[in-house]
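Observations on chain architecture
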Amino acid sequence: MLFGGLFFTPAPAQAATLGVGYGNEDLWLGSFASHGRQAYCMDLLALPPYGSTQHPELKTTLDSLNETELARLNYVMGRWGESQDPNITSAVQMYVWDVADHGNYVGQGGDGHFVTRVPANVRATVLANLAAMRDAAAANAVANPSVSMSIQMDDQYHGQLTISTNPATATGTVTLTGGIFANGSATATLGAGTHQIVGTPAEGAPEYRIEAKMSAPAVGYGAGVDLFYTPGEQRILGTASFEPLTATAQSPVIPLDFQPIIETQVSSKFVQAGDPMLDDLTVSVTKHSWIKIDGQPVPVVAEGRLYGPFDSQPAEANAPPAGAPLAGTEELTLTHAGHYVSPGTIIAPESGFYTWVWSIDKTAQGDWGKYLTDSFTDRFGRVAETSVVPFQPEAVSQANGRLVKPGDEVTDTITVASTNGAWLEQNGEPIPVVFEGSAYQIPGTLPPAQSTEIPAGAVPLGTVTVTATGPGTYTSPKVTLPDAGFVTWVWEVKKSSQPEWVRPFIASDWRDDYGINVETHSVRWPLTITSEVREYNVHKGGRAFDRITVSGFPENHPEFEGDGYWQPDAKELTHTVYGPFATDAELTEDMELDDAPVLTRITTPAKNGVYDIGYGEDDRIQPTEPGYYVVVTHFEGDDRVQPFTSSPADIWERFFVPGPEQPLSVVTQAQAQAFVGDPFEDTALVQGSAIPEGAYLVFRAYGPQLAGEDPVCEVPFFVSEQIAVTEAGHYRSGTTSTDAAGNVYWVETLYGKDGNVLAEGRCGAPGETTVVSVRPPGTPETPTPDKPELPELPPELALTGGTAWGAWVGGVAAVLLLAAGATLWFGRKLALHRERMQDEDEEVTIDELMNQ
């Protein structure tokens, strides 16, 4: 019966006990437990070790066992000796007997005999385990195990650790100093082979080494066993307690360098011209860390080059384009990774885009250059590294229409540009800028004085906008100028009026001066001159008298003497008496005055007032020939007041010097214009040597109708009273008004005392239309000067005809005879004419009749 047992306790000697195996104390196949380990019987025929088993002792020689046999015993016990599987421990015991006590083992029957000590159902398993142990021991057991290492670097940080082991399957724990393995750890369990390592030098170190230490467990390796000795009883064996296998390796000293790089972002995206251009630098190290020598960081000089100005954001590139403008250069000494601000010595010169390019030149660092890996240059045109100096859009304007009149629509031409550099662009297009132009009515009547401030009394007439899409010339929208006076433009650029994205690109608000002469319109005062001759009929050699009412001049006209840009006021009105004319048909609106006969010319001051002419010796109006005469008032115009020439067709300005006879006729002249609600009237001039007794006039007004429609005169809204006509002269209709705008058509009818129509106007005839319009807001009423009493007539007799009573009687008789003849002639002509016109379905008019 075989016994094996081993039991380990802290005591130096103790009895072994049965371990893991099959059987009992009488017959045992397996391990013994002793001193906390499992051990196996060496002496097959000796007594079981139940006595005082001593502490195990390492033996590299034992009996006659050679190195190979000791190594194989050590290998098998080291690999499987501590198993808790009886199928394994029983196979280990059979292997130990076969090697350590081979003769007795074979003599007792060998494998076939001892395997019968295990249950039949596991015998094949035990024998298979035994066979595997023999094969493994033959292949892997070594008498002299060892490990060795070496380090080979590819560069400053990357290399390989090469491990060699005997046996080849040996593994151990490897610890690196100054490096790590590929998995990021400084410790790894490794076997034979080549393993990648990465250096991890200390922060700021200028050089370093990588060291490796390996410790491989020696269990199962080497020619030796642990012997558990029990005096007088069987010896038991355990795996040898060799020290772990160790090795070290060290790289050569590795000199280090580092690579600083710079990323920047401008301190402010928008910088006003004249302010410093600042850049925020973020410095980092992409290789190693910032090297220190004797505790002091290596200084690195970086250069910043500011390129610009550019009209728009430059395209990002590896390098600036050829010929790129350079605004300035700065240097900055770097001593650590982190944040820096550029020195700020470059002052923003003008509008534009400015972009930074920072670089580090290894060759320019002197002795410190050896610690730099390489030079560094930032990319050109990065948006984050670009500042914008906003541009200042301004305008120079020229008013279109130096001299205009109330109601005109005017424009202003502005020439826009940037006054502090380029007009900036965005996405390839000039940045649009909204210019606001306001037209101001100047207080008073004189041209404005140029000023940076807008006077409190200036009245804004309208504001227009022009969106400038780059430098150039633009024409503003129209503004209506309702009132006479001076109107000046003021242009401005307000950041608040721009689209939100545009505002940062504009330097500041801008406004030009108020009252610049070339930006000013003179809305010239329109004159209103009404006149009326005192008598229509003036006998040959008699005198005519005229009352002229002038309004519309500014109150200080003609006192303005000019200012170098605006011309002085014209001083006089000229009243020209044209005539004689054979018929009044020549007195038309478009009569050519240059070739017309002139009786006399009289001047009055060019100012508001009532002027009675013809009463003095120096303004005598005394016709010498029979015929028709008309007074035409002319003002040449100046920079403040419109030119004016009264109409030669004005019936109030006519007088007549009778000849032998004058046929009956009626000429009418309606008030040309009026505002809704204001009074207006019609006037008829009755002419003829003989006025029928009992004749009277009736005026009718129709409408108002839309302009452009055919005139319709069916139901009048105004009918005058019957106005008695007793002699040649002017007759007024009396005033009316209307509450609607449009054209009002007048028709006057001259009746005989029996109600027969002697003369009748035509609906829509020229001069017989009053245009009624809505009064524009702010339109003032033109004041009319107070009219004084008429002057006394000169103390002469030959004012309107003969100089004695006989002459007056003779004249009356002649007039009566002429009237009788004219009446017969006129009645006949009227009857014939009406008959013809009725056949042609046309209206009979007095004008047409008189022209036949």
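Residues numbered from 1 in each chain as written. Predicted model: local features only at pLDDT ≥ 70, side-chain atom pairs only at ≥ 80, totals over all residues. Heavy atoms only, no water.

Re the packing of aromatic side chains
Per the stated rule, a full pass over the model turns up 28 aromatic pairs. Pairing Phe353 with Phe505 gives two aromatic rings, centres 6.3 Å apart and planes at 45°, and the pair type is tilted. Here Phe353 is found in strand E27 (residues 352-360), whereas its partner Phe505 is found in the loop between strand E39 (485-493) and strand E40 (510-511), with 152 residues between them in sequence. Put simply, the rings of Phe270, Phe353, Trp501 and Phe505 touch in pairs and so form one group of aromatic residues. One cation-aromatic arrangement involves Arg79 over Tyr221; the distance from NZ or CZ to the ring centre is 4.4 Å. A cation over an aromatic ring shows up here: Arg402 above the ring of Tyr565, its NZ or CZ 4.9 Å from the ring centre. (Phe/Tyr/Trp six-rings, centres within 6.5 Å; stacked < 30°, edge-to-face > 60°. Helix = DSSP H or I, 4+ residues; strand = E, 2+ residues; numbered from the N terminus. Lys NZ or Arg CZ within 6 Å of the ring centre and 35° of its normal.)

Some words on the pairing of E27
Most of E27 is tucked away: nine of the nine residues are buried. Both strand E24 (residues 300-310) and E27 contribute to a ladder of seven bridges, which runs antiparallel. From the neighbouring strand, Glu303 faces E27, where its bridge partner is Ser359. Two strands pair when backbone bridges link them, and E27 and strand E29 (residues 386-389) are joined in this way by four bridges, in the antiparallel orientation. (Buried < 20%, exposed > 50% of the residue type's maximum accessible area, 1.4 Å probe, protein only. Pairing = 2+ DSSP bridges.)

A short note on the environment of Tyr611
Residue position: Tyr611 is located in strand E46 (residues 609-613). Residue class for Tyr611 comes out buried when judged on its relative accessible area of 15%. The spacing of Tyr611 and Ser531 is 80 residues in sequence and 9.1 Å in space, taken between C-alpha atoms. Not counting residues within four places of it along the chain, the set of residues in contact with Tyr611 comprises Asp546, Arg547, Ile548, Val550, Thr604 and Pro605. (Contact = heavy atoms within 4.5 Å.)

Notes on the nonpolar core
Residues Met149, Leu161, Val174, Ile262, Met277 and Leu334 are the most contacted members of the largest nonpolar core, which totals 52 residues. Here Ile262 is in contact with Leu281, Thr282, Val283, Ala302, Leu334, Trp358, Ile360, Phe376 and Asp378, once residues within four sequence places are set aside. Listed in part, the 46 residues of the second largest apolar core include Met77, Tyr95, Val118 and Val126. (Core = buried A, V, L, I, M, F, W, Y, C linked by side-chain atoms within 4.5 Å.)

Thoughts on helix H2 (residues 86-100)
Helical geometry: 3.6 residues make up each α-helical turn, so side chains three or four residues apart lie on a common side. The end-to-end C-alpha separation of H2 is 21 Å, in line with the 21 Å expected for 15 residues at 1.5 Å each. The N-capping residue of H2, defined by a side-chain oxygen 3.0 Å from the backbone nitrogen of Asn87, is Asp85. (Expected span 1.5 Å × (residues − 1). Polar contact = N/O pair within 3.5 Å; in protein donor to acceptor, adjacent residues only side chain to side chain.)

Brief notes about the sheet that holds strand E52 (residues 682-687)
Each strand in a sheet pairs with its neighbour through backbone hydrogen bonds, running either in the same direction (parallel) or in the opposite one (antiparallel). Read from one edge to the other, the open sheet built from three strands follows the order E50-E52-E56, with strand pairing classed as antiparallel. Across the chains shown, the open sheet's two edge strands, defined by having one partner strand only, are strand E50 (665-670) and strand E56 (729-732). Going from strand to strand, the sheet's axes swing by 25° on average, the running direction of each strand aside. Taken together, the six bridges between E50 and E52 define a ladder with antiparallel strand orientation. Residue pairing for E52: Ser665 is matched across the bridge by Gln687. (Axes fitted to C-alpha atoms, helices over the stretch in contact; angles between N-to-C directions.)

As for the confidence of the model for the protein chain
With 91% of its residues at a pLDDT of at least 70, the protein chain reaches an overall mean of 90. With pLDDT under 50 throughout, residues 1-11 is counted as low confidence; its partners more than four residues away or in other chains account for 66 contacts. Considering only residues more than four positions removed or in separate chains, one finds that residues 797-852, a stretch of pLDDT under 50, has 68 contacts. (pLDDT = per-residue confidence, 0-100.)

Quick word on the environment of Val715
Tracing the backbone through its elements, the reader meets Val715 in the loop between strand E53 (696-705) and strand E54 (718-719). Val715 sits in the exposed class, given a relative accessible area of 69%. Along the backbone, Val715 and Trp491 are 224 residues apart, and their C-alpha atoms lie at a distance of 54 Å.

Re the packing of helix H1 (residues 67-80) against helix H5 (residues 123-140)
The geometry of a pair of packed helices is captured by two quantities: the angle between their axes and the separation between those axes. Viewed as axis vectors pointing N to C, H1 and H5 meet at an angle of 120°, and their least axial separation amounts to 9 Å. In terms of their interaxial angle, H1 and H5 are classed as oblique. Crossing of H1 against H5: the hand is right-handed. Side by side, H1 and H5 meet where Arg72, Tyr75, Val76 and Trp80 of the first sit next to Met133, Ala136, Ala137, Ala138 and Asn140 of the second. (Parallel < 35°, antiparallel > 145°, perpendicular 65-115°, else oblique. Left-handed = near helix turned anticlockwise from the far one by under 90°.)

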